[in-house]
Amino acid sequence: MRCLSRVEIQKYIDNEVDPTVYGEMSEHIRNCSGCSALHKEAIRDKELITGFLSLAEEQVKNEAIPAFKIPAEKRFAVSYKWTLSLLAAASLAGLVIFIRIDRKPHESAIPEAEIIKMEYLDGNDLNKLWHDKSQILIIEDEKGNVIQTTVTY
Amino acid sequence: MSQTAVNSVIHSNTKSKPLLFMSFDEVYKKHYYELRRFGRQLNLTVERSEDLTQEAFLRYFLELQKDVVFDNPRAWLYKVLLNLFRADYDSKHIEYCDADTLACYNNRCDDPDEADSGVEKKRIVNEMINSLPKRDKEILLLYHNGFSYAEMADILGINPNSVGKTLVRAIEKLKNKIKTQYHEMFEQG
């Protein structure tokens, strides 16, 4: 096995190496003076850093853990989501009902033009339909001049 | 380990419950102090550290409300706290612990000499930790708090393969600072 790098040694002492190569690394560190020295140095560094950082740790002396509280605005935010969803659903339902109520059945008379159109779509001759169903009203004065023409159905 | 695999270690959206499922109260009681301590290690004031700890737990609570199941709530909470700290830092709203606050905090110690000595050492440790680049400081603190490399990679948002290198570099930097500046003091201590 080749010599180990400082990073590999660090992974080794932190148990972050593959278990299959751990034994091989252990053996190499035991037999290689260079890697053995690096290994000892890495352990010393780890102890130094751990000891150093431990100095800044605060001591907790029988302190009670403060109760967990949900801030009012967050509580509102949780319920707000559901309220908004319900309001949206209710609005949609209201809109649908309103549209359905507003719609009236086709009981009133259908304009003649619509009837002609439907008959034309059924395959009848449009010109014939036009002549059968329309009247041209011509209004003339006493001298026979046309004042107004109106097409009625 | 791939990034996806690491994510699944910390945060799982699967509906199946983990073997050791902990209730919110259990997680809160178990990790409250260490999370607050992490805030203090990041050099936040006691009050700000408590605020961010509560905020992290609140986010955890809200995630649970959405039926999210966590395999590793501890790592997730650290990640949230660190992100909150970074957001504070970026928006310059950060409240660092000054010498007076530190002294005040350590006045809980019964022995005045011990308290003074403790304050001085804490001041030095904080000073040195904060003189390191942000990434080095964060990885050292996470390492000190016992996280695995995969967890550290996820919390810091870095490639799992680069954790070892980043960690060794940070250790070397801190070691050199300790040896050049405060070696004698810590040899005695």
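Just so we're clear, the structure is a prediction, and the values are computed from it rather than from any experiment.

### Section: the overall build of chain B
Piece 1. Helix and strand counts for chain B come out as ten helices and zero strands.
Piece 2. Walking chain B from its N terminus toward its C terminus, one meets helices and strands in the order α-α-α-α-α-α-α-α-α-α.
Piece 3. Counting only residues that meet the buried cut, chain B has 52% of its 189 residues in that class.
Piece 4. In chain B, once contacts between residues fewer than 6 apart in sequence are set aside, the share between residues at least 24 apart is 72%.
Piece 5. Of the roughly 9300 Å² that chain B leaves accessible, carbon and sulfur atoms contribute 49%.

### Quick look at the packing of helix 1 (residues 6-13) of chain A against helix 3 (residues 33-54) of chain A
All names here are of chain A.
Piece 1. It is at 9 Å that the axes of helix 1 and helix 3 come closest, and there the two elements cross at 60°. Between helix 1 and helix 3, the crossing angle belongs to the class labelled oblique. The two elements helix 1 and helix 3 cross, and the hand of that crossing is right-handed. Contacts from Arg-6, Ile-9, Gln-10, Tyr-12 and Ile-13 of helix 1 reach helix 3 at Cys-35, Leu-38, His-39, Ala-42, Ile-43, Asp-45 and Lys-46.
Piece 2. The residue inventory of the contact of helix 1 with helix 3, partitioned by class, reads seven nonpolar, two polar and three charged.

### Overview of the pattern of salt bridges
Piece 1. Applying the stated criterion across every chain, the model contains 16 salt bridges over all chains.
Piece 2. One salt bridge connects Glu41(A) with Lys175(B), and the closest N-O pair in it is separated by 3.1 Å. Taken as a pair, Glu41(A) in helix 3 and Lys175(B) in helix 9 (residues 163-181) lie in two separate chains rather than in one.
Piece 3. Measuring nitrogen to oxygen at the nearest pair gives 3.0 Å for the salt bridge that ties Arg59(B) to Glu55(B). Here Arg59(B) and its partner Glu55(B) are both found in helix 3 (residues 46-65), four residues apart, which amounts to about one turn of the helix.
Piece 4. A network of salt bridges, in which partner residues are shared, links Arg6(A), Glu41(A), Asp45(A), Glu172(B) and Lys175(B).

### Notes on the nonpolar core
Piece 1. In this structure, Phe57(B) and Leu174(B) are the most contacted members of the largest nonpolar core, which totals 53 residues.
Piece 2. In terms of residues, this core owes the most to one element, helix 4 (residues 73-90) of chain B, which gives nine residues.
Piece 3. Ignoring anything within four residues of it in the chain, the contact list for Leu174(B) reads Ile49(A), Phe52(A), Met128(B), Ile129(B), Leu132(B) and Leu140(B).
Piece 4. Ile9(A), Ile13(A), Met25(A) and Cys35(A) belong to the second-largest nonpolar core, a separate cluster that totals ten residues.

### Let's talk about the interface of chain B and chain A
Piece 1. Between chain B and chain A, the contact holds 41 residues from the first and 32 residues from the second.
Piece 2. Summed over both partners, the interface of chain B with chain A buries about 3400 Å², with 68% contributed by carbon and sulfur atoms.
Piece 3. Considering only the surface of chain B that becomes buried against chain A, Tyr33(B), His144(B) and Tyr149(B) emerge as the three largest contributors, covering 18% of it.
Piece 4. Linking chain B with chain A are three salt bridges.
Piece 5. Viewed at the interface, chain A and chain B are joined by seven residue pairs in polar contact (both at pLDDT 80 or more).
Piece 6. Split by residue class, the side of chain B that touches chain A holds 23 nonpolar, seven polar and eleven charged.

### Some details on helix 2 (residues 19-31) of chain A
All names here are of chain A.
Piece 1. End to end, helix 2 covers 19 Å across 13 residues, agreeing with the expected 18 Å (1.5 Å per residue, within 8%).
Piece 2. Taken together, the buried positions of helix 2 are occupied by Met-25, Ser-26, His-28 and Ile-29. Down the axis of helix 2, the smallest arc covering the buried residues is 170°, so these residues share one side. Residues of helix 2 that are exposed and point over 90 degrees away from its buried face: Thr-20, Arg-30 and Asn-31.

### Some remarks on the confidence of the model for chain B
All names here are of chain B.
Piece 1. Averaged over every residue, the pLDDT of chain B is 76; the share at 70 or more is 71%.
Piece 2. Here helix 1 (residues 3-10) stands out as the least confident element of chain B, with mean pLDDT 43; helix 8 (residues 149-156) is the most confident, with 93.
Piece 3. Segment residues 1-19 is flagged for pLDDT under 50; beyond a separation of four residues in sequence, or across chains, it makes 39 contacts in the model.
Piece 4. A low-confidence stretch, residues 99-112 (pLDDT under 50), is modelled with 19 contacts involving residues beyond four sequence positions or located in other chains.
Piece 5. For this predicted complex, the interface confidence reaches an ipTM of 0.73, while the overall pTM sits at 0.65.

### Re the packing of aromatic side chains
Residue and element names in this part refer to chain B.
Piece 1. Using the criterion set out here, one finds 17 aromatic pairs over all chains in the structure.
Piece 2. Summarising the aromatic geometry, the rings of Tyr-60 and Phe-70 are spaced 5.0 Å apart at their centres and angled 50° between planes, so their arrangement reads as tilted. With Tyr-60 in helix 3 and Phe-70 in the loop between helix 3 and helix 4, the pair connects residues that are ten residues apart, well separated along the chain.
Piece 3. The exposure class of Phe-70 is buried, given its relative accessible area of 5%.

### Brief notes about the confidence of the model for chain A
Piece 1. Averaged over all residues, the pLDDT of chain A equals 82, while 84% of them reach at least 70.
Piece 2. Mean pLDDT values for the elements of chain A range from 79 in helix 4 (residues 72-102) of chain A up to 93 in helix 1 of chain A.

### Side note on the state of the cysteines
All names here are of chain A.
Piece 1. One pass over the full model with this rule turns up zero disulfides over all chains.
Piece 2. Unpaired in terms of disulfides, Cys-3 finds its nearest cysteine sulfur in Cys-32, a separation of 3.7 Å.
Piece 3. Residue Cys-3 is classed as partly exposed on the basis of its relative accessible area, which comes to 47%.
Piece 4. Cysteine Cys-35 shares no disulfide, and the gap to the nearest cysteine sulfur, in Cys-32, comes to 3.7 Å.
Piece 5. On the basis of relative accessibility, which here comes to 2%, the residue Cys-35 falls in the buried class.

Parameters at a glance
- Residues numbered from 1 in each chain as written.
- Chains lettered and ligands numbered in written order.
- Predicted model: local features only at pLDDT ≥ 70, side-chain atom pairs only at ≥ 80, totals over all residues.
- Heavy atoms only, no water.
- Helix = DSSP H or I, 4+ residues; strand = E, 2+ residues; numbered from the N terminus.
- Buried < 20%, exposed > 50% of the residue type's maximum accessible area, 1.4 Å probe, protein only.
- Contact = heavy atoms within 4.5 Å.
- Areas by Shrake-Rupley, 256 points an atom, 1.4 Å probe, with all protein chains shown as cover.
- Axes fitted to C-alpha atoms, helices over the stretch in contact; angles between N-to-C directions.
- Parallel < 35°, antiparallel > 145°, perpendicular 65-115°, else oblique.
- Left-handed = near helix turned anticlockwise from the far one by under 90°.
- Nonpolar A, V, L, I, M, F, W, Y, C, P; charged D, E, K, R; others polar.
- Salt bridge = Lys/Arg side-chain N within 4 Å of Asp/Glu carboxyl O.
- Core = buried A, V, L, I, M, F, W, Y, C linked by side-chain atoms within 4.5 Å.
- Buried area = accessible area lost by both parts, 1.4 Å probe.
- Polar contact = N/O pair within 3.5 Å; in protein donor to acceptor, adjacent residues only side chain to side chain.
- Expected span 1.5 Å × (residues − 1).
- Arc of directions from axis to C-beta.
- pLDDT = per-residue confidence, 0-100.
- Phe/Tyr/Trp six-rings, centres within 6.5 Å; stacked < 30°, edge-to-face > 60°.
- Disulfide = S-S within 2.5 Å.

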